[in-house]
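Spelled out, the chains give:
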Amino acid sequence: RAQAGTLNDRFVGIDKELDDLEQSLDFVVDRDELGNAVCSAVELEHRVNALVSRLGLVATFNNVDSQAGHRTIGQYVAARTTSRAQDIDRKVKRAKWLRDFPIFESAHGHELTDLHVDYLRKHLDRTYNTHIKLVGDQQFFVDTAASCSFLGFERA
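Residues numbered from 1 in each chain as written. Predicted model: local features only at pLDDT ≥ 70, side-chain atom pairs only at ≥ 80, totals over all residues. Heavy atoms only, no water.

Enquirer: Where do I start with a nonpolar patch on the surface in this structure?
Expert: A contiguous nonpolar surface patch, about 830 Å² in accessible area, is contributed by L7, F11, I14, L18, L21, L44, V48, L51, V52 and L55. Where the nonpolar patch is concerned, the elements lending two or more residues are helix 1 (7-24) and helix 2 (31-61). Along the chain, L51 turns up in helix 2. (Patch = residues over 30% accessible without salt bridge, like charges linked within 9 Å, V, L, I, M, F, W, Y side chains within 5 Å. Areas by Shrake-Rupley, 256 points an atom, 1.4 Å probe, with all protein chains shown as cover. Salt bridge = Lys/Arg side-chain N within 4 Å of Asp/Glu carboxyl O. Helix = DSSP H or I, 4+ residues; strand = E, 2+ residues; numbered from the N terminus.)

Following this line, the structure appears as structure tokens:
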């Protein structure tokens, strides 16, 4: 679904909405509303983290970093924001790894957080054989992440 304006224009609108939300915090006292808002903000954070990973990977594939005289997209972002280059490069590495796992990739930012993806990548994808098994078991891990805590996910 295409919308008018550049990608960055769309972020400006989101930023304004976040400003409005932040300004209304002092006027909300309903505990259920506050609790739900915290959970929604955390879920949104997971979506944004996944989006940053994907954007970083696409920017890398399109040579945004080298065109601007940087070796990595992390260096490019760090030069223009208050982020650390290694944090952004880690996100891009995560998105690149996910390309081998289409079910994980589509669940990233939803059922799978960055912690889930990093756990799978670092602990379960160690050899060619475990990589192949992990490709076949993607739905199991997505379903497990969706139905239990992170500790429960680790145990599974």
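Enquirer: Looking at this structure, how should I read the side chain of D118?
Expert: By secondary structure assignment, the location of D118 is in helix 7 (residues 114-124). In this structure D118 comes out as buried when scored by relative accessible area, which is 12%. Side chain to side chain, D118 and R94 meet in a polar contact 2.7 Å long. (Buried < 20%, exposed > 50% of the residue type's maximum accessible area, 1.4 Å probe, protein only. Polar contact = N/O pair within 3.5 Å; in protein donor to acceptor, adjacent residues only side chain to side chain.)

Enquirer: I'm lost on the packing of helix 5 (residues 85-98) against helix 7 in this one. Help?
Expert: To describe two helices that pack against each other, one gives the angle between their axes and the distance between the axes. At a closest axis distance of 11 Å, the pairing of helix 5 and helix 7 adopts a crossing angle of 65°. Seen along the crossing, helix 5 lies across helix 7 with a hand that is left-handed. Along its contact with helix 5, which presents K91, K93, R94, W97 and L98, the element helix 7 presents D114, V117, D118, L120 and R121. A per-class count over the contact of helix 5 with helix 7 returns four nonpolar, no polar and six charged. (Axes fitted to C-alpha atoms, helices over the stretch in contact; angles between N-to-C directions. Left-handed = near helix turned anticlockwise from the far one by under 90°. Contact = heavy atoms within 4.5 Å. Nonpolar A, V, L, I, M, F, W, Y, C, P; charged D, E, K, R; others polar.)

Geometric descriptors of this kind do not, in isolation, establish any biological role.
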